[in-house]
Amino acid sequence: MTTIKPRINHVPREEWTDDTREVFAFWGEPNAWEEGSKTNIMNVMGNHPDLGKAYNIWGKHLLMGNTLSSRILEIIILRVAVKANSAYEWHNHVGYGMNAGLSLEEIAAIRDYPEGGQWDPIEKAILDAVEELTTAGNLTDQTWDLLAGHFNTKQMMDLVFTIGHYVMTSWALSAFGVEIEGGADPIGFDLKTKSGRTPGKTYKPGEKEDWVDTRGY
């Protein structure tokens, strides 16, 4: 696992304002208002509360309110993580993907696309959409027409914005030097953890009462 050097530090506690705390507490982490977030990206975004608050609202729609199924969403995010070389997004979304029903074999096939994997035509088109948008900045008519024949307008809009959002987030994580949380057991692109354990399911904010504990922070 590549060592990352932080370029933007966490906000010193003595500089926390109510706006900073609002960034920390947005996702419902217990005691985040009083103690700060356990999530490194939130601690970095707290340096720019206006941006952090807008980013959280936008990101919550794409992560929690997306009109695409959880399985499709995680296929997109995992493939973007590979394309953008985002160890942070990969680590977090392997567990989310497993919770959405993806097997480790399917996650490996997402990593290795177009090699391997038994994808149905829509899932293949989703993976092609990530390739096309991240390399050419547009979708081919063939990919658009295939997807638009299956998804409604809201879903098509969410699909394109989801790809763009996670590319943008991956860029920010890398450029700011945001590290995987120190208490976590990092999952590499080889799907091996630092400790050697097999990756397991993790849960999105509020999905289970103990969702924070499953993240290994």
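Look up a bit, the structure's there.
Quick notes on the rules
- Residues numbered from 1 in each chain as written.
- Predicted model: local features only at pLDDT ≥ 70, side-chain atom pairs only at ≥ 80, totals over all residues.
- Heavy atoms only, no water.
- Axes fitted to C-alpha atoms, helices over the stretch in contact; angles between N-to-C directions.
- Helix = DSSP H or I, 4+ residues; strand = E, 2+ residues; numbered from the N terminus.
- Parallel < 35°, antiparallel > 145°, perpendicular 65-115°, else oblique.
- Left-handed = near helix turned anticlockwise from the far one by under 90°.
- Contact = heavy atoms within 4.5 Å.
- Nonpolar A, V, L, I, M, F, W, Y, C, P; charged D, E, K, R; others polar.
- Salt bridge = Lys/Arg side-chain N within 4 Å of Asp/Glu carboxyl O.
- Buried < 20%, exposed > 50% of the residue type's maximum accessible area, 1.4 Å probe, protein only.

Caption draft 1: Region of interest: the packing of helix α6 (residues 87-99) against helix α7 (residues 104-112). Their axes nearest at 10 Å, the elements α6 and α7 cross at an angle of 135°. Classed by the angle they form, the pair α6 and α7 counts as oblique. Pair α6 / α7 crosses with right-handed handedness. Counted together, W90, V94 and M98 of α6 and L104, I107 and R111 of α7 form the full contact between these two elements. Grouping the amino acids of the contact of α6 with α7 by side-chain chemistry returns five nonpolar, no polar and one charged.

Caption draft 2: Quick look at the pattern of salt bridges. Summed over the entire model, instances satisfying the criterion amount to eleven salt bridges. Linking E22 and K53 is a salt bridge whose minimum nitrogen-to-oxygen distance equals 3.8 Å. In this pair, E22 sits in helix α1 (residues 18-25) while K53 sits in helix α4 (residues 49-64), placing the two residues 31 residues apart along the sequence. In this structure, the salt-bridge partner of E74 is K204, at a minimum N-O distance of 3.5 Å. Of this pair, E74 sits in helix α5 (residues 70-83) while K204 is found in the loop between α10 (153-176) and α11 (211-214), placing the two residues 130 residues apart along the sequence. The pair formed by E74 and K204 is uniform in burial state, with each residue classed as buried. A network of salt bridges, in which partner residues are shared, links D19, E22 and K53.

The analysis is restricted to geometry; functional conclusions fall outside its scope.
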